[in-house]
Amino acid sequence: MKLRDWWPLIAVLGLWVAVLSWLAGIAMGTSPAPDAPFGLLEMWINRYQTLIATGLAMFTLAVGLFELSANRAASRKQALLAVHLQLDAFTVATECAQSTKQHMENGEVPTSITEIMTETVRRQASPRLAGIFEQHQKVTDSYISRPDLREALAPTVIGSAELVISAAEYEKAALMRILEIGE
């Protein structure tokens with residue numbers, strides 16, 4: 001919390017210290033007390049009820065502002081965490097697709113896409129990218145498990161890898177623009 005978040009509470013407390021100091025001065029007899037036939041407290045409440053209500057309203061406002069700024073900071077922290085998780089998923093999807101594409105271009109059989117990678121993309125990326133990545137995984141797994149269809153599936157695997165890379169880069173760029181606007 002920054003000091004600017006505390007200023008309403010500090011102002012309210014300062015006002016109350018001033019009022020209570022004045023009241024204590026009257027009670028101790030060090031300041032001139034007004035004529036109060038029903039007691040000093042009753043007279044003070046009757047005369048300054050608007051001031052008391054204003055003080056309570058200001059205190060309530062200060063507490064509300066403090067809570068609002070705390071909630072805003074927590075929400076921002078959660079949003080940034082979600083963004084970082086999405087960026088991690090984009091990185092996983094991109095690296096996996098680039099690895100598959102590189103293996104295919106070198107004439108090698110690509111490694112299988114692990115369930116951890118798929119789960120990371122599925123949980124943390126957008127539904128569109130997760131769907132594209134899942135289709136890429138299916139095509140790659142078919143290529144690996146069916147040696148008799150490798151020649152026919154090779155262009156499809158490379159194309160799906162390029163699609164995953166393009167989609168991940170596009171969504172990453174869009175997310176970065178949102179981050180720039182939010183800051």
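Refer to the structure presented above.
Residues numbered from 1 in each chain as written. Predicted model: local features only at pLDDT ≥ 70, side-chain atom pairs only at ≥ 80, totals over all residues. Heavy atoms only, no water.

## Focus: the nonpolar core
(1) Moving on: The biggest cluster of nonpolar side chains holds 21 residues, and the ones touching the most others in it are Phe90, Ala93, Val121, Ala125, Leu129, Phe133 and Val164.
(2) Moving on: Core analysis: the second largest hydrophobic core is formed by six residues, Met104, Val139, Tyr143 and Leu153 among them. (Core = buried A, V, L, I, M, F, W, Y, C linked by side-chain atoms within 4.5 Å. Buried < 20%, exposed > 50% of the residue type's maximum accessible area, 1.4 Å probe, protein only.)

## Here's the deal with empty space enclosed by the protein
Gaps left between atoms are located by rolling a probe of water-molecule size over the structure's atoms.
(1) Moving on: Under the criterion given, the structure shown has one cavity of 30 Å³ or more.
(2) Moving on: Of the voids in this model, the largest cavity is the one considered here, and its volume is about 30 Å³.
(3) Moving on: Lining of the largest cavity is provided by Leu15, Trp16, Val19, Trp44, Leu51 and Ile52.
(4) Moving on: Those elements that provide at least two residues to the lining of the largest cavity are α1 (3-28) and α3 (49-105).
(5) Moving on: The leading source of residues in the lining of the largest cavity is α1, at three residues.
(6) Moving on: Partitioning the lining of the largest cavity into residue classes produces six nonpolar, no polar and no charged. (1 Å grid on protein atoms, 1.4 Å probe; cavity = no way out; pocket = protein on both sides within 12 Å on 5 of 7 lines; lining within 4 Å. Points joined across faces, edges and corners; volume = space filled by probe spheres on them. Helix = DSSP H or I, 4+ residues; strand = E, 2+ residues; numbered from the N terminus. Nonpolar A, V, L, I, M, F, W, Y, C, P; charged D, E, K, R; others polar.)

## Details of a nonpolar patch on the surface
(1) Moving on: Taken together, Leu13, Phe59 and Val63 make up a surface patch of nonpolar side chains, about 240 Å² in accessible area.
(2) Moving on: Locating Leu13 in the fold gives a position in helix α1.
(3) Moving on: What makes Leu13 partly exposed here is its relative accessible area of 46%. (Patch = residues over 30% accessible without salt bridge, like charges linked within 9 Å, V, L, I, M, F, W, Y side chains within 5 Å. Areas by Shrake-Rupley, 256 points an atom, 1.4 Å probe, with all protein chains shown as cover. Salt bridge = Lys/Arg side-chain N within 4 Å of Asp/Glu carboxyl O.)

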